[in-house]
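# Architecture at a glance
In case you want the letters, here they are:
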Amino acid sequence: MYDAHSKGISYTNAFLILIGLWIVGFIAGGVLSIPVWIMMTGKGVMTMPAELLKPENVNAVRVIQVVSTCVTFFLPAWFTALIINRRPAKLLGFAMPFNYRQLLLALGIMFGAAITAASLATLNEMIPIPKNAADYFKKLEDNYSAQVEVITNIRTFGDYAISIIMIALLPALFEETFFRGGMQNLLTRFSHKPWMAILITSLIFSAIHLSYYGFLARVCLGVVLGLIYYYSRSLWLSIAAHFFNNAIAVTQMYVLIKQGKPVKEAMNEAYPAWWGIIGAIVLYALFMLFKKRSAQAVKKYTTPEDRALEEKWIA
């Protein structure tokens, strides 16, 4: 079966191109953060690591995060799709329509996933590790918490609205384009093993966040987002679900700050491990409905030729 929009580059080579562009984007994102920092703060590069953790530099930190995330994740996926296909938006999943039932189910799925992920975070903390490793991971968590507290310096409703866009919406757009539209998509197409592609992508998605104690939780969220994308073929639905998850966290932080409580309370939220069983049951039930609705939508919005190609890729 021939894809009329393909430029003749194999999906294996396309995956290698994606990884290569990601490495370039990672380096470029770090380089671009320097002039952004200097222009927005007027401060030097040598003091930048310490200054990034100061609340007065919150606007510069937010812009740097958006720029670096866009260059590291969104652009590599988009340029890879552009290199290998004449319809990059379609290849990534931006062109697949969806209906409101799918959207509501996707948001419900993320609610169940949040419960499951929180219980997995509790389980993650129960896993015994050597003290030196525990001290190292604790230091990473403290650094991450300090960075989040700076970015989420939400004092007014205006700050909240900006945070929703810069912390919840844009990262969801950029990360889903790379991980689901790019990495998972290409892994599925050249391996013909969608579950393997979802799991590998979710492991990498979690590892990149450099959080040991949140590793299992993010793997869970990655798998859920991967299944939403896989069943619906719509990148917009995984973006919406990712945004919903981020927006809940930002809203929790805003409410806690307004109540005079520390942001860490929202970041360290955990549920008993057995709650994960309830979350898993909810997820299973909602995914069965989502799978059925998405199959109907895919059949409605795609041509027989497109469906035949997809069956070949995921067989």
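What comes next concerns the included structure. From a predicted model like this one, the values you see are computed outputs, not experimental measurements.

The next thing to look at is the overall build of the protein. Counting its regular elements, the protein contains 13 helices and zero strands. Burial analysis of the protein (315 residues in total) assigns 45% to the buried set. With the model as given, the accessible surface of the protein reaches about 15600 Å², and the carbon-plus-sulfur share is 70%. Charged side chains in the protein number 27 positive and 17 negative. The centres of these two groups are separated by 8 Å.

Time to look at the nonpolar core. Core analysis: the biggest nonpolar cluster contains 27 residues, and Phe178, Met183 and Leu186 have the highest contact counts within it. Elements supplying a minimum of two residues to this core: helix H1 (11-41), helix H3 (58-84), helix H4 (88-92), helix H7 (157-191), helix H8 (194-207) and helix H10 (235-258). It is H7 that contributes the most residues to this core, eight residues altogether. Not counting chain neighbours up to four residues away, the residues in contact with Met183 comprise Phe15, Leu18, Ile19, Phe178, Thr201 and Ile204. By size, the runner-up hydrophobic cluster in this structure holds 23 residues, among which are Ala106, Ala117, Leu227 and Phe290.

Right, let's get into the packing of H7 against helix H9 (residues 215-232). Close contact between H7 and H9 brings their axes to 11 Å; oriented N to C, the two are set at 70 degrees. Considering their axes alone, H7 and H9 lie roughly perpendicular with respect to each other. Once H7 is placed against H9, the crossing between them reads as right-handed. Contacts from Glu176, Arg180, Gly181, Gln184 and Asn185 of H7 reach H9 at Gly222, Leu225, Gly226, Tyr229 and Tyr230.

Here we come to empty space enclosed by the protein. Scanning the entire structure with this criterion turns up two cavities of 30 Å³ or more. When its volume is computed, the largest cavity comes out at roughly 50 Å³. Together, Leu18, Ala77, Thr80, Ala81, Ile84, Leu91, Leu92, Gly181, Gly182, Asn185 and Leu186 line the largest cavity. Where the lining of the largest cavity is concerned, the elements lending two or more residues are H3, H4 and H7. Of the residues in the lining of the largest cavity, the class split is seven nonpolar, four polar and no charged.

This paragraph deals with the pattern of salt bridges. In total, this model carries two salt bridges according to the counting rule given. Lys131 is the salt-bridge partner of Asp135, the closest N and O atoms lying 2.9 Å from each other. Of this pair, Asp135 and Lys131 are both found in helix H6 (residues 131-151), four residues apart, which corresponds to roughly one turn of the helix. For Asp135, a relative accessible area of 42% corresponds to the partly exposed category. A relative accessible area of 62% means that Lys131 is categorised as exposed. Two residues, Arg180 and Glu176, come together in a salt bridge whose shortest N-O distance is 2.6 Å. Linking Arg180 with Glu176, this pair stays in helix H7, spanning four residues, or about one helical turn.

Rules used in this analysis
Residues numbered from 1 in each chain as written. Predicted model: local features only at pLDDT ≥ 70, side-chain atom pairs only at ≥ 80, totals over all residues. Heavy atoms only, no water. Helix = DSSP H or I, 4+ residues; strand = E, 2+ residues; numbered from the N terminus. Buried < 20%, exposed > 50% of the residue type's maximum accessible area, 1.4 Å probe, protein only. Areas by Shrake-Rupley, 256 points an atom, 1.4 Å probe, with all protein chains shown as cover. Lys, Arg positive; Asp, Glu negative; His and termini not counted. Charge placed at Lys NZ, Arg CZ, Asp CG, Glu CD. Core = buried A, V, L, I, M, F, W, Y, C linked by side-chain atoms within 4.5 Å. Contact = heavy atoms within 4.5 Å. Axes fitted to C-alpha atoms, helices over the stretch in contact; angles between N-to-C directions. Parallel < 35°, antiparallel > 145°, perpendicular 65-115°, else oblique. Left-handed = near helix turned anticlockwise from the far one by under 90°. 1 Å grid on protein atoms, 1.4 Å probe; cavity = no way out; pocket = protein on both sides within 12 Å on 5 of 7 lines; lining within 4 Å. Points joined across faces, edges and corners; volume = space filled by probe spheres on them. Nonpolar A, V, L, I, M, F, W, Y, C, P; charged D, E, K, R; others polar. Salt bridge = Lys/Arg side-chain N within 4 Å of Asp/Glu carboxyl O.

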